[in-house]
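# Geometric and topological summary
What follows is the residue order along each chain.
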Amino acid sequence: MPAMGGLRHGALAIALGVLSFGAFGCAEDEAGPAGSGHILLVTVDTLRADHMGLYGYARATTPQIDRFFGERGRLFLRAYATSAYTSPSVVSVLTGLLPQDHRVRLFLQLLGDEIPLLSEMLPAPYESAAFVSNSVLTDEAMGIGHRFDHYDDFVGEREANRAAFERTARRTTDAVLRWLRDERDPDRPLFLWVHYIDPHGPYGPPEEPPLRFSHDQPLPIDIARVPVVQRRRGQDDGLDYVDRYDEEIAYADAQIGRLFDAWAEIGPVDDSLVLFTADHGETLMEHERWFDHGYHVYEELVRVPLLLRGYGVPPGRSEALVSGVDLVPTILGFAGAPVDPALPGFDLRDPEAIASDRAVFAEARRWRTAIQGDRKWMLEYRQGRREIMDRRFYDLARDPGEQSPEPWQQEGTTTRWLLELGERDPDPGGYPHDPRRGHKLEAPKISPHATPEQLEQLRALGYVE
Ligand SMILES: [Zn+2]
């Protein structure tokens, strides 16, 4: 692999391993200054950074997250998911690998047991627990439940207008709080991962308060650009969709605030490590498709929030290009565990560690992109093939909205890296060549707290006997 890939990063990672041992290792070897060494990873589905207060959004969508990270946290202004789809992106966060290396490319593909998962890379004393809310992250869909000490994937509520299942933020936080109170081993350091799904479409907070967000002038839109599951009957005011998307964010934020309050009760927050990100963004009314994700690698789809707070994390704002693959080295560095030098990411706690000339990668179906500085290259492959259909270049400083693609230009290390990734992709064009790796989701998990009415609904849909 050329300079952007494992070799150079590998050498850097070894050097960083030594550095970070010097900088952070001592204290953590003795469990931090007063430290618990606990780790909290929060991921929110479909959350755009630019719809959060800390990232400059004018509406008060995220007061709890802003409060938690504002003064003491580190804000990454230029963070990218590795994929505009849930499963590949989340698996990158949990493995530190690009999608073509962990090989989960679509929904309902099992992660191979040979691919190391974060919960298993942490040192032995760690207890690992996960609470997921999206049906594509259940154990049936991903096969990773047995790789955590505790995997709670009860997603027994049907989303409005569709057959997919989810769990609301309130129920997700309730489940975490119950487990923290009744089941957690207080003598072990904890790695806790919580995934919230609420901003994912169809938009509509489950508990309708008086709506917080509204607008004066409607913005009529072409409803044909909106996915069918997302359409609200008769609603062709684009800003109504934006209001509701923001409502979902604010609803999740309040529940994440409850989680943060509970986190503060199990130990000093600033002796722990708290990481916050999203699996991908969402189109509002930018390009071809509206109120959707997964189909392309435009900025609104692959830019995500990324926030850190805790021991060894310098507060402030960072312009560095960072990626979902950086979370594994960051967490392992905090835990004093060795980082596989072949992993492509960096320990984000150390501002000096992030190579200033690095490139980050993202994909979505047939599209691949590499971003370096303000330059962004895109390739479109024919599905299931190594044949390149389209090549584009954008200068994000000149054209941040990616409105005018320029011809492919400025060939160099990054473009060679991007092309080489395509060449060695085991599933060309991002489509799994072996369908046996896929797994059909047969049933959602039914919450033990489901009401008789909910069970009846599930029976009517054929999901439970
Ligand atoms: Zn998602």
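Residues numbered from 1 in each chain as written. Predicted model: local features only at pLDDT ≥ 70, side-chain atom pairs only at ≥ 80, totals over all residues.

### Thoughts on the overall build of the protein
Within the protein, the regular secondary structure consists of 12 helices and 14 strands. Within the protein, the proportion of its 465 residues that are buried is 49%. By sequence separation, contacts in the protein at least 24 residues apart represent 69% of the contacts at least 6 residues apart. (Helix = DSSP H or I, 4+ residues; strand = E, 2+ residues; numbered from the N terminus. Buried ≥ 20, exposed ≤ 12 C-beta atoms within 10 Å, placed from the backbone. Contact = placed C-beta atoms within 7 Å.)

### Details of helix H7 (residues 169-182)
An α-helix turns once every 3.6 residues. As a result, residues three or four positions apart point the same way. Over its 14 residues, H7 extends 20 Å from the first C-alpha to the last, a length consistent with the 20 Å expected when each residue adds 1.5 Å. Along H7, the residues that are buried comprise Ala-169, Arg-171, Thr-172, Thr-173 and Val-176. The inward-facing, buried residues of H7 contact strand E3 (127-131), strand E7 (190-196) and helix H8 (238-266). (Expected span 1.5 Å × (residues − 1).)

### Some thoughts on the pairing of strand E8 (residues 273-278)
When you tally the buried positions in E8, you get six out of six residues, the bulk of the element. Every second residue of E8 is oriented toward a common face, with Leu-273, Leu-275 and Thr-277 on one face and Val-274, Phe-276 and Ala-278 on the other, all of them buried. Pairing of strand E1 (residues 39-44) with E8 involves six bridges; the strand directions are parallel. Within E8, the position partnered with Leu-40 by the bridge is Val-274. Relative to strand E9 (residues 303-310), E8 is paired through five bridges, and the arrangement is antiparallel. Across the sheet, Leu-273 pairs through a bridge with Gly-310, a residue of E9. (Pairing = 2+ DSSP bridges.)

### Comments concerning the sheet that holds E1
The mixed open sheet is built from eight strands, whose spatial order is E4-E3-E7-E1-E8-E9-E2-E10. Across the chains shown, the open sheet's two edge strands, defined by having one partner strand only, are strand E4 (150-152) and strand E10 (316-323). Neighbour-to-neighbour, the strand axes of the sheet open up by a mean angle of 15°, direction not taken into account. In the packing of helix H2 (residues 63-70) onto the sheet, contacts are made with strand E2 (74-80), E8 and E9, and the angle to E9 comes to roughly 50°. (Axes fitted to C-alpha atoms, helices over the stretch in contact; angles between N-to-C directions.)

### Side note on unusual backbone geometry
A cis amide bond links Gly-201 with the next residue in sequence, Pro-202, at an omega value of -5°. Within the secondary structure, Pro-202 is located in the loop between E7 and H8. Its identity is not glycine, yet Phe-291 carries a phi of approximately 55°, on the positive side. Counting through the fold element by element, Phe-291 comes out in the loop between E8 and helix H9 (299-302).

### Things to note about the sheet that holds strand E14 (residues 388-395)
Strand order in the open sheet made by the four strands is E11-E12-E13-E14, with antiparallel pairing throughout. Two strands close off the open sheet at either side, each with one partner strand: strand E11 (360-364) and E14. On average, each strand axis in the sheet is tilted by 15° relative to the strand beside it, whichever way the strands run. Alignment of strand E13 (residues 375-381) against E14, held across seven bridges, turns out to be antiparallel. Paired with Arg-375 across the bridge in E14 is Asp-395.

### Concerning the environment of Glu-120
Tracing the backbone through its elements, the reader meets Glu-120 in helix H5 (residues 118-121). Along the sequence, Glu-120 and Phe-148 sit 28 residues apart, while their C-alpha atoms lie 7.7 Å from each other.

### Some remarks on the nonpolar core
Ile-39, Tyr-80, Val-194, Val-297 and Ile-331 are the most contacted members of the largest nonpolar core, which totals 110 residues. Take this core: its biggest share by element is 10 residues, from H8. For Val-297, the residues in contact, after removing those within four places along its chain, are Ala-84, Val-302, Ala-362, Glu-363, Ala-364, Trp-367, Thr-369 and Met-378. (Core = buried A, V, L, I, M, F, W, Y, C linked by C-beta atoms within 7 Å.)

### Here's the deal with the confidence of the model for the protein
Mean pLDDT for the protein: 87, with 84% of residues reaching 70 or above. With pLDDT under 50 throughout, residues 1-35 is counted as low confidence; its partners more than four residues away or in other chains account for 53 contacts. (pLDDT = per-residue confidence, 0-100.)

### Looking at the pairing of E9
Regular strands have side chains that alternate between both faces of the sheet. For E9, the buried fraction is high: eight of the eight residues fall into the buried class. Residue alternation in E9 divides its side chains into two sets, Arg-303, Pro-305, Leu-307 and Arg-309 and Val-304, Leu-306, Leu-308 and Gly-310, and both sets are buried. Bridging between E2 and E9 involves five bridges; their strand directions are antiparallel. Across the sheet, the residue bridging to Ala-79 is Val-304, located in E9.

### A few points about the packing of H7 against H8
Here H7 crosses H8 at 10°, and the two axes come no closer than 9 Å. Put simply, H7 runs roughly parallel to H8. Contacts between H7 and H8 pair Ala-169, Arg-170, Thr-172, Thr-173, Val-176, Leu-177 and Leu-180 from the former with Tyr-251, Ala-252, Gln-255, Arg-258, Leu-259, Ala-262 and Ile-266 from the latter. Considered class by class, the residues forming the contact of H7 with H8 number nine nonpolar, three polar and two charged. (Parallel < 35°, antiparallel > 145°, perpendicular 65-115°, else oblique. Nonpolar A, V, L, I, M, F, W, Y, C, P; charged D, E, K, R; others polar.)

### A closer look at the packing of H2 against H8
The contact between H2 and H8 brings their axes to 7 Å, and the two run at 40°. Between H2 and H8, the angle falls in the class oblique. On H8, the residues that touch Pro-63, Gln-64, Ile-65 and Phe-68 of H2 are Asp-253, Ala-254, Ile-256, Gly-257 and Phe-260.

### Overview of the environment of Leu-111
Its location among the elements puts Leu-111 in the loop between helix H4 (99-102) and H5. The spacing of Leu-111 and Ile-144 is 33 residues in sequence and 6.9 Å in space, taken between C-alpha atoms. Excluding anything up to four places from it in sequence, Leu-111 contacts Val-91, His-102, Val-104, Met-142, Gly-143 and Ile-144.

### What about the environment of Val-304?
The topology assignment puts Val-304 in strand E9. Apart from the residues lying within four places of it in its own chain, the contact partners of Val-304 are Ala-49, Ala-79, Tyr-80, Ala-81, Thr-277, Ala-278, His-280 and Gly-281.

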